[in-house]
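# Observations on the three-dimensional arrangement
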Amino acid sequence: VKARNMRTKEFYKFMKEREIIRLRKEDGEPYPWTTDPIFQTYKFTNVKRADDKTTRWFWKNVLEPNEDKPREHLLFHCALFRYFGTTEFAEAYGGWLDSWLDDKETVRSIAKKRLKNSQRVFTGAYVITNQGIKAPKQDVVIDQFLTPLWHKLPDLVQVAEKTHSWQAVALEMMKLKGFGGTGFMTKEVLQDALHTSVFERCVDRNTWCPVGPGAKRGINRVLGNLHTAPLRFEKGLQVMKELFAARKTYWSGNYIELELHDIQFQLCEFDKYERVKHNEGRPRSKYHVK
């Protein structure tokens, strides 16, 4: 598969329009920032996750003030934040915890109280499942996912130190309950960790990336296949790398610099866009002007 045989131009056109919307909005221009009715109506994430409001808050309020803390703790807080996924809940427990084993009951109590009062705890941006475990979701996340991760942190940081590879860390992390499967949550967590001292010299930032279910659908659309067609990881990664290489042709040097993960991220959004365009369904979130 070569990029020139794919719907590369259409994919980049989608990304460019999304980036132009962000730039116009940040320049203070009035809504709608675009003539595209799909973009006017539905929410799509920014081309770079780092530009999303939630990520900006987390980096500014949690990671950056604690950048000198142990790498194990930085990695853990990436997981803690992403598994709940809301700034409101992070603010409620204070954003940073010095010891998970001492503080997890406080986190549990705050989650339970907020859920009882219909206050935000979990994000709606992606689905957090109980993996078939019959217990409240916050208990599953705390006891089954985050606590085993806490005990595994020294090993994961050691892998990062030895390999400087986020692939190596991801493959080890995916052995843990709550971080396996497609590797979606591992990817979400490590994308934040790449912003920290955990990965001071990452050698494979732009040569490897997990391929989530949404990205697989997007890749199939770029290939002109049925979006539900089976897709091997190796094929998906190959296509993503070819799309990434095509940035030199289709992405202006005046825009933000792309990384391989941005391609993975936007393939998922491209699938959402195409779903609306072809009347195959609707994204969960509509865009509300504030």
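First, a word on what this report is: a plain description of the structure on this page. (Residues numbered from 1 in each chain as written. Predicted model: local features only at pLDDT ≥ 70, side-chain atom pairs only at ≥ 80, totals over all residues. Heavy atoms only, no water.)

The omega torsion of the bond from Tyr31 to Pro32 falls at 20°, within 30 degrees of zero and hence cis. Within the secondary structure layout, Pro32 lies in the loop between α1 (8-26) and α2 (37-41). For His164, which is not a glycine, the phi torsion comes out positive at approximately 55°. Turning to its location among the elements, His164 is positioned in the loop between α7 (137-163) and α8 (166-173). Unusually for a residue other than glycine, Asn279 sits at a positive phi of about 55°. Looking at the element boundaries, Asn279 is found in the segment after α13 (260-277). (Helix = DSSP H or I, 4+ residues; strand = E, 2+ residues; numbered from the N terminus.)

Attention now moves to the nonpolar core. A general tendency of soluble globular proteins is for nonpolar side chains to be buried together. Ranked by size, the top nonpolar core spans 85 residues in total, and within it Phe84, Phe179, Phe199 and Ile263 carry the most contacts. Broken down by element, this core gets its largest block of residues, 11 residues, from α7. The contact partners of Ile263, leaving out residues within four places of it in the chain, are Phe11, Tyr12, Met15, Met240, Leu243, Phe244 and Leu258. (Core = buried A, V, L, I, M, F, W, Y, C linked by side-chain atoms within 4.5 Å. Buried < 20%, exposed > 50% of the residue type's maximum accessible area, 1.4 Å probe, protein only. Contact = heavy atoms within 4.5 Å.)

Describing two packed helices takes the angle between their axes plus the distance from one axis to the other. Running from N to C, helix α10 (residues 213-223) and helix α11 (residues 233-245) cross one another at 65°; their axes reach a closest spacing of 10 Å. One way to sum up the angle between α10 and α11 is to call them roughly perpendicular. Here α10 and α11 pass one another in a crossing that is left-handed. Where α10 abuts α11, its residues Ile219, Val222 and Leu223 lie against Lys235, Gly236, Val239, Met240 and Leu243. (Axes fitted to C-alpha atoms, helices over the stretch in contact; angles between N-to-C directions. Parallel < 35°, antiparallel > 145°, perpendicular 65-115°, else oblique. Left-handed = near helix turned anticlockwise from the far one by under 90°.)

Turning next to α13. The end-to-end C-alpha distance of α13 is 25 Å, a good match for the 26 Å that 18 residues give at a rise of 1.5 Å each. Trailing α13 by a residue or two, Asn279 shows a phi angle of about 55°, which is positive. (Expected span 1.5 Å × (residues − 1).)

Let us look at the state of the cysteines. Here is the idea: a disulfide is a covalent bond, and it sits between the sulfur atoms of two cysteines. Enumeration over the complete set of coordinates arrives at 0 disulfides. Left without a disulfide partner, Cys78 is nearest to the cysteine sulfur of Cys202, which lies 13 Å away. According to the relative accessible area criterion, Cys78 is buried, its value standing at 0%. No disulfide involves Cys202; its nearest neighbouring cysteine sulfur is the one of Cys209, lying 11 Å away. (Disulfide = S-S within 2.5 Å.)

Attention now moves to the pattern of salt bridges. Any two side chains of opposite charge can pair if their charged atoms end up close together. Scanning the model with the defined rule gives 28 salt bridges in all. Linking Arg56 and Glu26 is a salt bridge whose minimum nitrogen-to-oxygen distance equals 3.1 Å. Placement of the pair is Arg56 in helix α3 (residues 53-63) and Glu26 in helix α1, with a sequence separation of 30 residues. (Salt bridge = Lys/Arg side-chain N within 4 Å of Asp/Glu carboxyl O.)

Next up on the list: the environment of Gln131. Along the chain, the position of Gln131 falls in the loop between α6 (100-116) and α7. Sequence separation between Gln131 and Gln144 is 13 residues, and the spatial gap between their C-alpha atoms is 9.9 Å. When near neighbours in sequence (up to four residues on either side) are disregarded, Gln131 contacts Phe145, Lys177 and Gly178.

Turning our eyes to something else, we now look at the packing of aromatic side chains. Here a ring pair, both rings aromatic, is described through the centre-centre distance and the interplanar angle of the planes. Enumeration according to the criterion identifies 24 aromatic pairs in this entry. Between Tyr31 and Trp33, the aromatic rings sit 5.4 Å apart at their centres with planes inclined by 90°, giving edge-to-face as the arrangement. By relative accessible area, Tyr31 is classed as partly exposed at 35%. A residue is classified by how much of its surface remains accessible, and Trp33, at 11% relative accessible area, is buried. The rings of Phe11, Tyr12, Phe14, Phe39, Phe44, Tyr250, Trp251, Tyr255, Phe270 and Tyr273 are connected pair by pair, giving a single aromatic cluster. Here the guanidinium or amino end of Lys137 rests over the ring plane of Phe122, the centre of that ring lying 5.1 Å away. Taking the ring centre of Phe244 as reference, the NZ or CZ of Arg247 above it sits at 3.8 Å. (Phe/Tyr/Trp six-rings, centres within 6.5 Å; stacked < 30°, edge-to-face > 60°. Lys NZ or Arg CZ within 6 Å of the ring centre and 35° of its normal.)

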